[in-house]
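# Notes for the structure review
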Amino acid sequence: MRILLWLLTLFASAIGLAVLARFNPGNVVLFYPPYRVDLSLNFFLTALVVLFLVLYVLIRAVRMTQKLPARVIAYRRQKRESEGIKALRESLKAFFEGRFGHAEKAATRAADLPENAGIAALIGARAAHRMRQVERRDIWLETTVSDPTLKAARLMTSLELLVDDHQFKAALETVEELNANGTRHIQALQWALKANQQAKNWPEVLRLVQTLDKRNALHPALSNRLREMAYDALLSDRSHDVESIRALWAEVPHADRLKPFIAARAAQAFGSRGLHAEARTLLERALAADWDDRLVRAYRDSTAEAGSSELLAQIERCEAWLAKRPTDAELALTLGMFCLRQKLWGKAQRHLEQALSDALEPRAVRESHLALAQLFEALEQPEKASAHYKQCALATAIR
């Protein structure tokens, strides 16, 4: 429709000009002594239009000729940019497809474009790392040092690759540089956590776990496991004396003190340094918060001296617990062993036999038989003691 309207307008204009030219009797006289030129007005206007068009074309041609080198340069630059961007896309695509060799080659082509050089170098470094080409990886990373805008990206990439390569010393140095650079986002904290875990820097691991927990950046199971590993390593340190183990435990958050694994491990650490009363106290608090067989076993290992008021208090406490948990084999075993130590033979036999009947784990069965064998030896009943020793040995063999 638009073409038709343009044609109608063109035809109407041509007809109008033809009619105007036919009835236009005007003349144009040009004097240049001694010459005189007479022209019709129609011819003069036509010649003027033609002259304008010729001059316009000539000027346009000259200007285009002058701009031609710049256009060629711009075309080549645009072509180079297009090829660089295409190579960068190919590099990313190949990297995510797992074709790391192709990704590195494409990154090399993409790095020819200065604007892509930094990003291409990071992709090339990651691809070389996946192919275990450490020297090429370091060369790629070195090319990005001069670009200040890529400092955070370079440090994050270096940290991830160093942690993956278990070079925790270099990784920790990178963490310090990241911290100095002000980079403290979740991903940086997670890689810092892994680096400190490899370096067995457990106090820093605990600090980072607490920070990441506040941001909901760790799965609860992973967070608990990391805490357990850290506290296990700290409490297992044989260099701690009585005062230092107390100071260490004082720094543990209250919520962590009540967790079964940590409380049981702490009780063992306290007990190995002769702090049995403190070990029993922390276990009793943990049991009040969360009943767990690990705590019961640790409580059994923290037995007070025979005939002491502390052992009698433990027996009374276990009897109160057993009234609430009558089928708890671990608790019955613990109470039986306390009574055995206190030489309450009747109570000891009753609770140990109850533990044996309710026990589901081979370890509890084995310990129950062993305790009963010791009981009958003390009662000078060798036949029954021998039978339980045999059952204990059988339980040990089929474990």
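Here the structure is shown first, and the text comes after it.
This section reports on the structure supplied with the text. (Residues numbered from 1 in each chain as written. Predicted model: local features only at pLDDT ≥ 70, side-chain atom pairs only at ≥ 80, totals over all residues. Heavy atoms only, no water.)

### Overview of the overall build of the protein
Looking only at helices and strands, one finds 20 helices and two strands in the protein. For the protein, the C-alpha radius of gyration of 45 Å lies well beyond 21 Å, the compact-globule estimate for 399 residues. In terms of principal-axis extent, the alpha carbons of the protein reach across some 160 × 50 × 40 Å. Out of the 399 residues belonging to the protein, those deemed buried represent 35%. Pairs at least 24 residues apart make up 51% of the contacts formed inside the protein by residues separated by at least 6 positions. For the protein, the accessible area works out to roughly 24,700 Å², and carbon and sulfur atoms hold 59% of it. Each charge class in the protein can be summarised by its mean position, and for the 56 positive and 46 negative side chains these summaries are 12 Å apart. (Helix = DSSP H or I, 4+ residues; strand = E, 2+ residues; numbered from the N terminus. Rg over C-alpha atoms; globule rule 2.2 N^0.38 Å. Buried < 20%, exposed > 50% of the residue type's maximum accessible area, 1.4 Å probe, protein only. Contact = heavy atoms within 4.5 Å. Areas by Shrake-Rupley, 256 points an atom, 1.4 Å probe, with all protein chains shown as cover. Lys, Arg positive; Asp, Glu negative; His and termini not counted. Charge placed at Lys NZ, Arg CZ, Asp CG, Glu CD.)

### A word on helix H16 (residues 309–324)
In this model, H16 (16 residues) spans 23 Å end to end at C-alpha, consistent with the 22 Å of a helix rising 1.5 Å per residue. Elements in contact with the buried residues of H16: helix H14 (276–289), helix H15 (293–301), helix H17 (329–341) and helix H18 (345–358). (Expected span 1.5 Å × (residues − 1).)

### Observations concerning the pattern of salt bridges
Within this structure, the stated rule accounts for 26 salt bridges. Residue Arg99 pairs with Glu97 through a salt bridge whose shortest N-O separation is 2.6 Å. Residue Glu97 is classed as partly exposed on the basis of its relative accessible area, which comes to 42%. Linking Arg246 and Glu278 is a salt bridge whose minimum nitrogen-to-oxygen distance equals 2.6 Å. Here the residue Arg246 occupies a position in helix H11 (residues 242–250), and Glu278 occupies one in helix H14, the gap between them amounting to 32 residues. (Salt bridge = Lys/Arg side-chain N within 4 Å of Asp/Glu carboxyl O.)

### Looking at the side chain of Asn116
Turning to its location among the elements, Asn116 is positioned in the loop between helix H3 (100–110) and helix H4 (117–130). Polar contacts involving the side chain of Asn116 include one to the main-chain carbonyl oxygen of Gly84, which spans 3.3 Å. In contact with Asn116, not counting residues within four places along its chain, are Gly84, Ile85, Leu88 and Ala110. (Polar contact = N/O pair within 3.5 Å; in protein donor to acceptor, adjacent residues only side chain to side chain.)

### What about unusual backbone geometry?
Look at His166: it is not a glycine, yet its phi comes out positive at around 60 degrees. Looking at the element boundaries, His166 is found in the loop between helix H6 (151–164) and helix H7 (168–180). Owing to a relative accessible area of 59%, His166 belongs among the exposed residues under this scheme. A positive phi angle is found at Lys343, which is not glycine, with a value near 65 degrees. Structurally, Lys343 is set in the loop between H17 and H18. Overall, the relative accessible area of 58% leaves Lys343 in the exposed class.

### Overview of the state of the cysteines
Note on terminology: a disulfide is the covalent bond linking the sulfur atoms of two cysteines. In this structure the tally under the stated criterion is zero disulfides. Summary of cysteine pairing: Cys318 is not part of a disulfide, and the nearest cysteine sulfur, belonging to Cys339, is at 8.5 Å. Look at Cys339 and you get buried, because its relative accessible area is 0%. (Disulfide = S-S within 2.5 Å.)

### With respect to the nonpolar core
Residues Leu193 and Leu282 are the most contacted members of the largest nonpolar core, which totals 70 residues. When neighbours within four sequence positions are excluded, Leu193 is seen to be in contact with Val205, Leu208, Val209, Leu212, Leu218 and Leu226. Membership of the second largest hydrophobic core comes to 13 residues, among which are Ala120, Ile123, Ala125 and Ala128. (Core = buried A, V, L, I, M, F, W, Y, C linked by side-chain atoms within 4.5 Å.)

### Points about the packing of H3 against H4
Packed helix pairs are specified by the crossing angle of their axes together with the interaxial distance, meaning the distance between the axes. Running from N to C, H3 and H4 point in directions that differ by 155 degrees, and their axes come no closer than 8 Å. By the criterion of interaxial angle, the relationship of H3 to H4 is roughly antiparallel. For the element pair H3 and H4, the recorded crossing hand is left-handed. For the pair formed by H3 and H4, the contact residues are Phe100, Ala103, Glu104, Ala107 and Ala110 on the first element and Ala120, Gly124, Ala127, Ala128 and Arg130 on the second. (Axes fitted to C-alpha atoms, helices over the stretch in contact; angles between N-to-C directions. Parallel < 35°, antiparallel > 145°, perpendicular 65-115°, else oblique. Left-handed = near helix turned anticlockwise from the far one by under 90°.)

Limitation: the analysis is restricted to geometry and does not speak to function.
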